[in-house]
Amino acid sequence: MSTRVNASENGYLSTATLLMMATATGLCAGANYFNQPLLSSMAHALNISEEMAATTVTLSQVAYALGLLFLVPLGDKLEQRALAVGLMLLAASGLAISGWGGSFSLLIVGTLITGVFSVAAQTLVPMAANLSDPLRSGRAVGLVMSGLLAGILLARTAAGLLSEIGGWETVYQVSAVLMVLLAGALLRVLPQARNPAPQSYGATMRSLLKLAAEHPRLRTRSVLGGLVFGSVSALFSTMALLLSAPPFGLSDSQIGLIGLIGVAGVVTASLAGRLSDRGLGQPVTLIAIGILLLGWIGLYLGSGSLLTFLLALLVLDVALPAVHISNQSVIYKLAPQARARVNAVYMTCYFIGASSGSALGVSAWSHAGWAGTCAVGVGFGVVALAVLAWDQSLKRADSAQQTEQQCQPQPQ
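Calculation rules
- Residues numbered from 1 in each chain as written.
- Predicted model: local features only at pLDDT ≥ 70, side-chain atom pairs only at ≥ 80, totals over all residues.
- Heavy atoms only, no water.
- Core = buried A, V, L, I, M, F, W, Y, C linked by side-chain atoms within 4.5 Å.
- Buried < 20%, exposed > 50% of the residue type's maximum accessible area, 1.4 Å probe, protein only.
- Contact = heavy atoms within 4.5 Å.
- Phe/Tyr/Trp six-rings, centres within 6.5 Å; stacked < 30°, edge-to-face > 60°.
- Axes fitted to C-alpha atoms, helices over the stretch in contact; angles between N-to-C directions.
- Helix = DSSP H or I, 4+ residues; strand = E, 2+ residues; numbered from the N terminus.
- Parallel < 35°, antiparallel > 145°, perpendicular 65-115°, else oblique.
- Left-handed = near helix turned anticlockwise from the far one by under 90°.
- Nonpolar A, V, L, I, M, F, W, Y, C, P; charged D, E, K, R; others polar.
- Patch = residues over 30% accessible without salt bridge, like charges linked within 9 Å, V, L, I, M, F, W, Y side chains within 5 Å.
- Areas by Shrake-Rupley, 256 points an atom, 1.4 Å probe, with all protein chains shown as cover.
- Salt bridge = Lys/Arg side-chain N within 4 Å of Asp/Glu carboxyl O.
- pLDDT = per-residue confidence, 0-100.

**Q** Sorry if this is basic, but what is going on with the nonpolar core here?
**A** One recurring pattern in soluble globular proteins is that nonpolar side chains are buried together. Counting residues in hydrophobic clusters, the biggest one holds 119 residues, and the most contacted among them are Met 21, Met 88, Leu 235 and Phe 351. For Leu 235, the residues in contact, after removing those within four places along its chain, are Trp 296, Leu 299, Phe 309, Leu 313, Leu 316 and Trp 370.

**Q** Would you explain the packing of aromatic side chains in this entry?
**A** To describe a pair of aromatic rings, one takes the distance between the centres and the angle between the planes. Applying the stated criterion across every chain yields a total of eleven aromatic pairs. Measuring from ring centre to ring centre gives 6.0 Å for Trp 168 and Tyr 172, while their planes differ by 80°; the resulting arrangement is edge-to-face. Residue Trp 168 shares its accessibility class with Tyr 172, and that shared class is buried. An aromatic cluster of three or more residues is present, and its members are Tyr 64, Phe 229, Tyr 346, Tyr 350 and Phe 351.

**Q** Just to check I follow, could you spell out the packing of helix α1 (residues 15-30) against helix α6 (residues 120-130) for this structure?
**A** Between two packed helices, both the angle of their axes relative to each other and the distance between the axes serve to describe the pair. Taken N-terminus to C-terminus, the directions of α1 and α6 make an angle of 155°; their axes are 8 Å apart at the nearest point. On the basis of their axis angle, the class for α1 and α6 is roughly antiparallel. Where α1 crosses over α6, the handedness of that crossing is left-handed. From α1, Leu 18, Met 21, Ala 24, Thr 25, Cys 28 and Ala 29 reach across to α6, where they touch Ala 120, Ala 121, Leu 124, Met 127 and Ala 128. Taken together, the residues of the contact of α1 with α6 break down into ten nonpolar, one polar and no charged.

**Q** Sorry, what's going on with a nonpolar patch on the surface here?
**A** Taken together, Trp 100, Val 174, Val 177, Leu 178 and Leu 181 make up a surface patch of nonpolar side chains, about 490 Å² in accessible area. Counting residues per element, the nonpolar patch draws most heavily on helix α8 (residues 170-189), at four residues. Relative to the helices and strands, Trp 100 resides in helix α4 (residues 80-100).

**Q** What should I look at first to understand unusual backbone geometry in this one?
**A** With glycine set apart, most residues show a phi of negative sign, and most peptide bonds adopt trans. Omega for the bond connecting Pro 246 with Pro 247 falls within 30 degrees of zero, at 5°, which places this linkage in the cis form. Mapped onto the secondary structure, Pro 247 falls in the loop between α11 (239-243) and α12 (252-258). The backbone phi angle of Asn 47 is positive, close to 60°, even though this residue is not glycine. Residue position: Asn 47 is located in the loop between α2 (39-46) and α3 (50-70).

**Q** Would you mind going over the confidence of the model for the protein with me for this structure?
**A** Detailed reading of predicted coordinates is not advised where the pLDDT is low. Confidence along the protein averages 88 in pLDDT terms, with 93% of residues attaining 70 or more. Low confidence marks residues 1-9, where pLDDT is under 50. Its contacts with residues over four positions away, or in another chain, come to 20 contacts.

**Q** For this particular structure, what's the right way to read the side chain of Thr 373?
**A** Among the structural elements, Thr 373 can be located in helix α16 (residues 339-407). Residue Thr 373 is classed as buried on the basis of its relative accessible area, which comes to 0%. In contact with Thr 373, not counting residues within four places along its chain, are Ala 234, Thr 238, Trp 296, Gly 361, Ala 364 and Trp 365.

**Q** Got a minute to help me understand the packing of helix α10 (residues 216-236) against helix α15 (residues 306-331) in this structure?
**A** Two elements in contact, α10 and α15, have axes whose closest approach is 10 Å; the angle formed by their N-to-C orientations is 160°. Viewed along their axes, α10 and α15 adopt a mutual orientation that is roughly antiparallel. Crossing geometry of α10 relative to α15 is assigned as left-handed. Contact residues: Arg 217, Leu 218, Arg 221, Leu 224, Gly 225, Val 228, Phe 229, Val 232, Leu 235 and Phe 236 in α10; Phe 309, Leu 313, Leu 316, Asp 317, Leu 320, Val 323, Ser 326, Asn 327, Val 330 and Ile 331 in α15. Split into classes, the residues belonging to the contact of α10 with α15 amount to 14 nonpolar, three polar and three charged.

**Q** Could you clarify how one ought to interpret the pattern of salt bridges in this entry?
**A** Summed over the entire model, instances satisfying the criterion amount to two salt bridges. Here Asp 391 makes a salt bridge to Arg 217, at a shortest N to O gap of 2.8 Å. With Asp 391 in helix α16 and Arg 217 in helix α10, this residue pair connects regions lying 174 residues apart in the sequence. For Arg 217, a relative accessible area of 10% translates into the label buried. Ionic pairing is found between Asp 391 and Arg 221, a salt bridge with its closest N-O pair at 3.3 Å. Residue Asp 391 is located in helix α16, and its partner Arg 221 is located in helix α10; the two are separated by 170 residues in the primary sequence. Residue Asp 391 shares its accessibility class with Arg 221, and that shared class is buried. Taken together, the shared-partner salt bridges connect Arg 217, Arg 221 and Asp 391 into one network.

Put into structure tokens, the structure is as follows:
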């Protein structure tokens, strides 16, 4: 029996190691969401406007998109354990700067560093698949992805609760220490792993453009994902500003606890995945975008009622993962041999959309209040409907082409 802590009896990653990887991905992903319930406290402590504090939400998403585009492809070229651990340590440095910097300018620097390098999470997920028993790789990926989703869901709650204990900086300080400890543990337990046939970095980046050019539905589904995430991000970037002010007057911890409503999205993601496997991805996407638009109407009407606001928020938390999973069910079938790069294209667009939604949501808030933010969210949703119609036309064209090919006489 092997005594290595990173392996089970058959030499593959043990459940304990997978749980450690899941924790690491959750911390990395969640690091970009700590700021969302803390905007009012940040503004007060740093003597800046709430709109300036809200720019940290946009910048974290822009930085994460850049990391997805330029750093994640390195997993096909560099030794993967070293890459993941190195990115985590750099992300920890960003958290430390945010937590101990003491100024808005250093908070911005820390936010950007954390955002770019927290894409370590996206390098650990494929490692879980590659280093696990091939017959159980789906379970391994699911376990690590569950950690990532849990990190995103719990980040706002943890940030709000820790803020009540030691101020808004506390979550950054605690997370920086935890990130370093987890990076050291992963360095010890993970085996070295390298792509046996690595491409050059330039070739990898060129292949991303080639994939986007060759697959029209990769483009439509990537844009669709960005628009829907952009719509929801307009809410995330301004929600704390609304809820901390009258008539609600909620504290950081109370705003953070509201984030737990997002647990409903985990259930939705599972259901959307099963329906997409049955060929129902298009209607699922259509229904989800319709629900998204209804949710924004509820959010507008709920500006004076916490119950109405929470119900509408629940609706958006259901719609977002439904579209996301439906999108992935489409794009992963386009080029099975290049799923990692397809995902890089998609996720880059996804977070570009998020950063755009955050920036426009904050701008609308500063000029037109909550009604302006709601208008931005609805606008993104309406454009998403148009893109879905375009995607549907591409799907029909593909189906017609496949039918024509099947009807052609086969050579004798």
